[in-house]
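The lines below spell out each chain.
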Amino acid sequence: MVSKNQVKLVKSLHQKKYRNRHNLFVAEGIKVVQELVHSSFKVNTLFSTDAHIDLGTEDVIEIVSEADLKKMSALTTPNKILGVFEIPMTQRPNFDSWVVVLDDIRDPGNLGTIIRLCDWFGIEHLVCSSHTVDCYNPKTLQATMGSISRVNIGYTDILSFLKDAPVDVFGAFMEGESVYGQELPSSGILVMGNEANGISKEVETMVTKKISIPQFGRSTTESLNVATATAILLNEIRRG
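Residues numbered from 1 in each chain as written. Predicted model: local features only at pLDDT ≥ 70, side-chain atom pairs only at ≥ 80, totals over all residues. Heavy atoms only, no water.

A. Spotlight on the packing of aromatic side chains. In this structure the tally under the stated criterion is five aromatic pairs. Here Phe25 and Phe41 contribute two aromatic rings whose centre-to-centre distance is 5.6 Å and whose plane-to-plane angle is 80 degrees, an arrangement assigned as edge-to-face. With a gap of 16 residues between them, Phe25 in strand E1 (residues 24-28) and Phe41 in the loop between helix H3 (30-37) and strand E2 (43-48) connect regions that are remote in the sequence. Each member of the pair Phe25 and Phe41 is classed as buried. The interplanar angle of 50 degrees and the centroid separation of 5.3 Å between the aromatic rings of Trp98 and Phe170 together place this pair among those described as tilted. Of the two residues, Trp98 sits in strand E5 (residues 98-102) while Phe170 sits in strand E8 (residues 169-178), which places them 72 residues apart along the sequence. The class of Phe170 is buried, set by a relative accessible area of 6%. (Phe/Tyr/Trp six-rings, centres within 6.5 Å; stacked < 30°, edge-to-face > 60°. Helix = DSSP H or I, 4+ residues; strand = E, 2+ residues; numbered from the N terminus. Buried < 20%, exposed > 50% of the residue type's maximum accessible area, 1.4 Å probe, protein only.)

B. Looking closely at the sheet that holds strand E7 (residues 152-156). The six strands lie next to each other as E7-E6-E5-E9-E8-E10, forming an open sheet whose pairing is parallel. Of all the strands in the sheet, just E7 and strand E10 (209-212) have a single pairing partner and so form its edges. Sheet twist, expressed as the average angle between the axes of neighbouring strands with direction ignored, equals 35 degrees. Taken together, the five bridges between E5 and strand E9 (residues 188-192) define a ladder with parallel strand orientation. Bridging from a neighbouring strand, Leu102 pairs with Met192 of E9. (Pairing = 2+ DSSP bridges. Axes fitted to C-alpha atoms, helices over the stretch in contact; angles between N-to-C directions.)

C. Spotlight on the sheet that holds strand E3 (residues 61-63). Across the sheet, which stays open at both edges, the four strands sit in the order E1-E4-E2-E3 with mixed pairing between neighbours. On the outer flanks of this sheet lie E1 and E3, each paired with one strand and no other. Within the sheet, the average angular offset between the axes of one strand and its neighbour, ignoring direction, is 20 degrees. Sheet topology note: the E2/E3 ladder contains three bridges and is parallel. From the neighbouring strand, Phe47 faces E3, where its bridge partner is Glu62.

D. Broad picture of helix H9 (residues 226-239). With 14 residues, H9 ought to run about 20 Å at 1.5 Å a step, and its terminal C-alpha atoms sit 20 Å apart, in line with that. Residues of H9 that are buried: Val226, Ala227, Ala229, Thr230, Leu233, Leu234, Glu236 and Ile237. Of the surrounding secondary structure, the elements contacted by the buried residues of H9 are E5, helix H5 (108-120), E8, E9 and E10. With a side-chain oxygen lying 2.8 Å from the backbone nitrogen of Ala227, the N-terminal cap of H9 falls on Asn225. (Expected span 1.5 Å × (residues − 1). Contact = heavy atoms within 4.5 Å. Polar contact = N/O pair within 3.5 Å; in protein donor to acceptor, adjacent residues only side chain to side chain.)

E. Structural view of the pairing of E2. Across the six residues that make up E2, a large majority, five, are buried. Alignment of E2 against strand E4 (residues 81-86), held across five bridges, turns out to be antiparallel. When the bridges of E4 are listed, Leu46 appears paired with Gly83.

F. Just the nonpolar core, in detail. In terms of nonpolar packing, the biggest core is built from 47 residues, with Phe25, Phe85, Leu102 and Leu126 touching the most fellow members. Once residues lying within four places of it in the same chain are set aside, the contact partners of Leu126 are Val100, Leu102, Leu111, Ile114, Ile115, Cys118, Val151, Asn152, Ile153 and Gly154. In terms of nonpolar packing, the next biggest core, distinct from the first, is built from 15 residues, Val127, Ile158, Phe173 and Ile199 among them. (Core = buried A, V, L, I, M, F, W, Y, C linked by side-chain atoms within 4.5 Å.)

G. Representation of the packing of H5 against H9 in the model. Relative orientation of the contacting elements H5 and H9 amounts to 15 degrees, with a least axis distance of 9 Å. Taken together, the axes of H5 and H9 are roughly parallel relative to one another. Crossing hand, H5 versus H9: right-handed. Residues Asn110, Thr113, Ile114, Leu117 and Cys118 of H5 touch H9, and the partners they reach there are Val226, Ala227, Thr230, Ala231 and Leu234. Looking at the contact of H5 with H9 residue by residue, the class counts come to seven nonpolar, three polar and no charged. (Parallel < 35°, antiparallel > 145°, perpendicular 65-115°, else oblique. Left-handed = near helix turned anticlockwise from the far one by under 90°. Nonpolar A, V, L, I, M, F, W, Y, C, P; charged D, E, K, R; others polar.)

H. Structural context of the pattern of salt bridges. Enumeration over the complete set of coordinates arrives at 11 salt bridges. Across the salt bridge formed by Glu204 and Lys210, the nearest N and O atoms sit 2.5 Å from each other. It is possible to trace a salt-bridge network through shared partners that takes in Lys31, Glu35, Asp119 and Arg150. (Salt bridge = Lys/Arg side-chain N within 4 Å of Asp/Glu carboxyl O.)

Structure, rendered in C-alpha cells:
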C-alpha cells in the first residue's frame, strides 16, 4: 500500500518549487517512463496499477490502486504507471556542433516539442533562460515523449552564456535574412525567442546573424509557432 506521505510527496512534485526542493520530478505513461528507466536518469520510485507490467528493468515497481494513482497523477486519466526520478546534474555545453538557446519560452508544450526536435536533429545541448518554463513540468515531459533523456538541458543567464560563446550566434527574427539563402556552419548557436515578444532587445545585441523563414502565404498570418519555426530552422541547419 502506498502511504499518505508518498502520495503527498508525488503530488507536490507537480509544482516547480517542490521539484527543486526535493530534486525529484514525476513522469507518467508507459512510453515516457520506459524511456527514462533505460536512460541515465536515476529512478526514485515507480508506481503502477498493473501487477504484470514489464519495463525490462530490475527496478522495483510498487503496485497501487487506480484511486491512489489518480491522487498522484497530473493527468485527467492516469496511464497505468507513474515514475519518480532524480533531476540530473546539467553538463556544460560544448560547441562541437549546434546548441539551441531559448529566450523565455513560456508554453510547456512548446518546450516539450523543442526538446523532441533537438533529439530528432541530434542537438545535444539546449540552454534555457531562467524564465523559460521548467523542463520537468508535467505537460512538458508528456510532450517530449521521452526525448528529455537524450538532450542535456540547462538553465542559466543566457546573456552571459552568449557573450562567452566561441561560435556565431544566429537568431530567429521576422526581419532577418532568409535561412534558405544561408551557408550555415557546422557549429553555432540558434536562439529562439518568446512566443509573444520574440528575442528580447538585450539578447538581440548578442546575435551575430539574424535569420528568418520567408513567408509565401498571405501576409495576414502573424508568425509561426516557435516550435514549428525551430523545426524548420533545425532542418536547414542539418541540411547544410
